[in-house]
Structure formats: structure tokens, C-alpha cells
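# Observations on chain architecture
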Amino acid sequence: MFWNEKIECMPQEELKKLQYDELKTLIEKLYNNNQFYHDRMEAKGVKPEDIKCLEDISKLPFMFKQDLRDYYPTKLFTVPNNQVVRYHVSSGTTGKPTLVGYTEGDIGYWSEALARSLTSAGIGPDDVLQVCYGYGLFTGGLGLHYGGEKVGATVLPASTGNSERQIELMMDLGVTAIACTPSYFIHLMGVAKKMGVDFRKDTKLRVAILGAEPWSESMKKKIEDETGVEAFDIYGTSEQAGPMFSDCPCHNGIHIAADIMYVEVIDPETEEILPPGEKGELVVTMLQKEAFPLVRYRIKDMTRILTDPCPCGRTSPRIERITGRSDDMLIVRGINVFPSQIEYTLMQIPEVGDQYMIYVTREGALDNMKIQVELKPEAFSDNMENMLKLRSRIESALKKYLNIAVVVELKEPGELPRFEGKAKRVIDNRVI
Ligand code: DLL
């Protein structure tokens, strides 16, 4: 099933021409109207007229997450404020978060991308879609919400948490499709079991739209075998807009709407463009973005471009399931956490020394994060009450800044490992 068959199945040559036309218009607009893009292109010695074919995109400079921080909050926006209809906010690497602004047009192509993905998963007006991604600053909830409404489904904006109630609503309202993180779905499977609810017998659930964190084929198999639900992999990042692209019923890679996003894969070290099939870092150019454009943005997700034609008939490029990142960002309970944010927060607390360790584990389906923190000699004492107070102050500071609860363990000066080479402060024991 297609939402926009003309574009989704457009012959390759026509698709490339469309992408080129969009790219050319975008680059001319950015060069002429935005200082950041103008200066970056000048520094690389490239002008809009040098972009003579789609492949010439390689002449353009890369953009980095650091740029979003340096130009925070709105210096990378390319429309006047009165055209911005929404903000979403996600984790920055340190200090400031990443702010993304949307025009009405941006909400439009974002919902369009989701409508294509949801339709390919067989979701339409007869479905009830329970959206259990967070609503708010995170893009998951509102993104799936708008996409679901666009395809005419009845959307249940359940957001996260209160799992027993989620399952009761699923049964009461005849929910047929759910959108959440894969780990939350596995958690719901456990809660349902405890409640004596059998997904196959007691619910109408048949499709799960899972993403926002890495998950494996074996996790997909476990979900499908135990619940009878068909699981789709949905991918996107807040910088691109939010959740956007998914696999189709052939389940052999994520279809990227080529009129909306141009993808390249590069070697993260040499920055050389890799041929299709080779694994590297994804670089994206958003071809229709208005408020907050992205040109050759190094998204840091690792994948490869797949070129074998998909039996579903879509001609759009596909990327392999995202298995990891080329930076150290962790995704804990669906929330992006950079170790640098943790360090930044800890270093604001006067009692904290300069050594810390981060441990991430998975208990059942849920992630836990523990941070061991070494104190300065003058801050460490045998006074239990003071130590407990300090611990809870550090935990609150981390919770406030990272948006997730972490457990802190205080350590005496000299207790944590020292590193001679590159420090390895993150121990991620999760098996995905
Ligand atoms: O996680 C947007 C989203 C919401 C995607 C709901 C899917 C569903 P951010 O918070 O900016 O946006 O995090 C983006 O999450 O760079 C990947 O590292 C990771 N990620 C997202 N989807 C997948 C996926 C949303 N399907 C970061 N598989 C990305 C693996 C994923 N990793």
C-alpha cells in the first residue's frame, strides 16, 4: 500500500532530477540569505553555480552537532520568527540543548513522510494507533500523532508511562497499532503477562512501529514470536524533524523518502564518501526544510546504503537498520545522553573531583544508569547524613539536566580507575 505512489515508485532518473532541482533551489537560497551557510561555502570555495549535478553535493561543507550548539538558539534558522509554528528540543552534547524550529511547511513534509511510513505498515482509517512515545519537547509523540491523523487513523495520545493503564486502554479501545520504543514494547509485554493479558487473544494489536533507539533483528523476532504483532523499524532524528522513515512489509531496510532527504554514507575518519553497500556514517541533506535547514549534516549514525531493488516497488533509497553511532551518544530509556553532558553537570558541583564512571545496564526491558563519582578530599567525610544529602543533590542535578533518573555512588578520592591513554568512562553492559 502506498500513500504517495507517484513519488514512492518514481523511476530513479526522475527521482534524481527532482532531488537535484530541490538541492539547487535550497543551496541558492541558503547562500544568498543566511550568513552561516554563506560563510561556510565561501570558506570551502564553493558557490551555488558549482552545483551542476546531484553528485556535486560532495563539494559542499559538512555541518556538525557542534554548529547547532554554536549557533543556538536560532541563528541557523532561515525564516523570520513569525513563520515558526513549533519548537522541539533535544539533548546537546554539553551545556545547551539542540533547538529545532518548524514552519507549517516543515510540519507538512514531516507528516507526509510519516504518512508514507504508516501506510506502508498497513495503518489507515480503520486503525486505532496508540502513541506511547513521549509528547512534549521530544519529537516522537507529536510526530507519530500528526502522521497517524494524516492517514486517518484514530490516534490515542497515550504518551509514556502508566503501563497497566496503557494495556487496559489497548483492550478497551481495540487498539490495532502501537508506536513506542522497542524496549518499552518489551516492557509492556512483561506487564501484560503479569496482568494475565495475552496480546494475541485479548487485544487486536497487529502492528508495532518501533524506533528511537537501536534494536536488533533478534529483538524483533522475540517481539513478533511472543505477541504475533508485525514490528516495523522507524527512524529519524530531531534535527531532521523527528521520526520519519521506516521499513516496508519486506523488512529489508529503511526506505528514505528521496524527495525529502538526500543520504550519503562517509568514512567517519577520512570523510570520504563510501560506495553503496559499505558501512559508514550517515550524512543527510534535508531537501524541503524551511525553518531549520540541514546540509550534509553528520548525524553520527552508522549504516550502509542498500541498492538492490525492493520487491515492494518503492524506488527510494534504503538504509540498513541503524546499529550504532560513530560518537559516544548513549540512548537510555529512549533519551539521548552524551557522556559530555554528565561530565559538564558533575563539574558544576564543587564537591566533585575529576574522576567518574558511567555504567549502563538493562534489567528486564528497562535501562538503568549508575554513575560513580569521586569526591574531592575535602568533600569526603564519614558523616553519613552529609554524604546522603550530597548524593541526592548530585542525583537531582543529573536528573534535571539529563531528563532521566540516575543512581549516583559516591567514591573516596583515588578509588576510581585512572587511564593512561584515552579514558574509558562508559561501560555499557546492555545486550541489544
Ligand atoms: O529519537 C526521533 C524518533 C522518535 C525516531 C520516535 C523514531 C521514533 P532524537 O531524540 O533526536 O530523535 O534521537 C535520534 O536516535 O540519531 C539514532 O541514534 C537513534 N535512533 C532513532 N531511531 C532509531 C532506530 C528520535 N530506528 C537518534 N534505530 C538517532 C536505531 C535510532 N537508532
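Residues numbered from 1 in each chain as written. Predicted model: local features only at pLDDT ≥ 70, side-chain atom pairs only at ≥ 80, totals over all residues. Heavy atoms only, no water.

### What to know about the overall build of the protein
A count of helices and strands for the protein gives twelve helices and 21 strands. The C-alpha radius of gyration computed for the protein amounts to 23 Å, which stays within 12% of the reference 22 Å derived for 432 residues, consistent with globular compactness. Reported as C-alpha extents along the three principal axes, the dimensions of the protein are approximately 70 × 60 × 45 Å. By residue count, 53% of the 432 residues in the protein fall in the buried class. Within the protein, residue pairs in contact and separated by at least 24 positions form 65% of the contacts whose partners lie at least 6 positions apart. (Helix = DSSP H or I, 4+ residues; strand = E, 2+ residues; numbered from the N terminus. Rg over C-alpha atoms; globule rule 2.2 N^0.38 Å. Buried < 20%, exposed > 50% of the residue type's maximum accessible area, 1.4 Å probe, protein only. Contact = heavy atoms within 4.5 Å.)

### Regarding the side chain of K220
For K220, the location among the structural elements is in helix α10 (residues 217-227). For K220, a relative accessible area of 6% corresponds to the buried category. Residues in contact with K220, not counting those within four places in the same chain, are W215, A231, H251 and R321.

### Concerning the sheet that holds strand β9 (residues 254-255)
Here we have three strands laid out as an open sheet, ordered β9-β14-β13, and antiparallel in their pairing. With one partner strand each, in any of the chains shown, β9 and β13 (305-306) form the two edges of the open sheet. Summarising the sheet, β13 and strand β14 (residues 318-319) pair through two bridges and their orientation is antiparallel. When the sheet's bridge partners are listed, I305 is paired in β14 with I319. (Pairing = 2+ DSSP bridges.)

### Things to note about empty space enclosed by the protein
Inspection of the entire model under this criterion finds four cavities of 30 Å³ or more. Here the largest cavity defines a volume of roughly 120 Å³. Forming the boundary of the largest cavity are 13 residues, of which E8, R116, S117, H255 and R314 lie nearest the centre. Listing elements by their share of the lining of the largest cavity, those giving two or more residues are α5 (104-120) and β8 (242-246). Among the residues forming the lining of the largest cavity, the class breakdown is five nonpolar, five polar and three charged. Within this model, the second largest cavity holds a volume of roughly 90 Å³. Residue lining of the second largest cavity: I27, L30, F36, Y37, R40, M41, L60, P61, F62, M63 and V295, and that is the complete set. At the level of elements, α2 (12-33) and α3 (35-43) are the ones that each hand at least two residues to the lining of the second largest cavity. Of the residues forming the lining of the second largest cavity, the biggest block, four residues, is contributed by α3. A class-by-class count of the residues in the lining of the second largest cavity yields ten nonpolar, no polar and one charged. (1 Å grid on protein atoms, 1.4 Å probe; cavity = no way out; pocket = protein on both sides within 12 Å on 5 of 7 lines; lining within 4 Å. Points joined across faces, edges and corners; volume = space filled by probe spheres on them. Nonpolar A, V, L, I, M, F, W, Y, C, P; charged D, E, K, R; others polar.)

### Considering the site of the ligand
In the vicinity of the ligand lie 21 residues, with D233, I234, S238, D301 and N336 positioned nearest. Within the backbone of A212, an N or O atom sits 3.1 Å from a nitrogen atom of the ligand. For the ligand, the accessible surface in isolation is 600 Å², of which the surrounding protein chains cover 98%. Listed by contribution, the elements that provide at least two residues to the shell around the ligand are α6 (139-150) and β7 (230-237). (Near = heavy atom within 4 Å. Polar contact = N/O pair within 3.5 Å; in protein donor to acceptor, adjacent residues only side chain to side chain. Areas by Shrake-Rupley, 256 points an atom, 1.4 Å probe, with all protein chains shown as cover.)

### So, unusual backbone geometry
Geometrically, the link from Y72 to P73 is a cis peptide bond, its omega value of -5° lying close to zero. The topology assignment puts P73 in the loop between α4 (65-70) and β1 (86-90). Even without being a glycine, H251 presents a positive backbone phi close to 50°. In this fold, H251 is placed in the loop between β8 and β9. Although it is not a glycine, N403 sits at a positive phi angle of roughly 75°. Among the structural elements, N403 can be located in the loop between α12 (384-402) and β20 (407-411).

### Here we look at the sheet that holds β20
What the four strands build is an open sheet, ordered β20-β19-β18-β21; its pairing is mixed. Strand pairing shows two members of the sheet lacking a second neighbour, β20 and β21 (426-428), which therefore form its edges. Across the sheet, the mean angle from the axis of one strand to that of its neighbour is 15°, orientation sign disregarded. With three bridges connecting them, strand β18 (residues 352-363) and β21 associate as parallel partners. (Axes fitted to C-alpha atoms, helices over the stretch in contact; angles between N-to-C directions.)

### A look at the packing of aromatic side chains
Aromatic rings considered in pairs are described by the distance between their centres and by the relative angle of their planes. The full count for this structure, using the stated rule, is seven aromatic pairs. Between F36 and Y71, the ring centres sit 4.9 Å apart and the planes meet at 70°, which makes this aromatic pair edge-to-face. With F36 in helix α3 and Y71 in the loop between α4 and β1, the pair connects residues that are 35 residues apart, well separated along the chain. Ring centres of F77 and F292 lie 5.8 Å apart, and the angle between their planes is 75°; on these two criteria the pair is classed as edge-to-face. Of this pair, F77 sits in the loop between α4 and β1 while F292 sits in the loop between β11 (280-286) and β12 (297-303), and the two are 215 residues apart along the sequence. With relative accessibility at 7%, the residue F77 sits in the buried group. Members of the aromatic cluster, each reached through a chain of ring pairs, are F36, Y37 and Y71. It is R298 that lies over the ring of F62; its NZ or CZ is 5.7 Å from the centre. A cation over a ring is seen here: K370 above Y359, with NZ or CZ 5.2 Å from the ring centre. (Phe/Tyr/Trp six-rings, centres within 6.5 Å; stacked < 30°, edge-to-face > 60°. Lys NZ or Arg CZ within 6 Å of the ring centre and 35° of its normal.)

### Description of the domain arrangement of the protein
Domain boundaries assigned for the protein yield domain 1 (1-324) and domain 2 (330-428). Summarising the inter-unit geometry, the C-alpha centres of domain 1 and domain 2 are found 32 Å apart. Taken together, the 15 residues of domain 1 in the interface contact twelve residues of domain 2. Across the domain 1 to domain 2 interface the summed buried area is about 1100 Å²; carbon plus sulfur atoms make up 59%. On the domain 1 side of the contact with domain 2, S91, T93 and G95 bury the most area, a combined 35% of that side's loss. For the pair domain 1 and domain 2, the number of links is zero salt bridges. Where domain 1 packs against domain 2, one counts one residue pair in polar contact (both at pLDDT 80 or more). It is helix α8 (residues 182-195) that provides the largest number of residues to the side of domain 1 that touches domain 2, a total of three residues. Broken down by class, the residue content of the side of domain 1 that touches domain 2 amounts to four nonpolar, eight polar and three charged. (Domains from an automatic or database assignment. Buried area = accessible area lost by both parts, 1.4 Å probe. Salt bridge = Lys/Arg side-chain N within 4 Å of Asp/Glu carboxyl O.)

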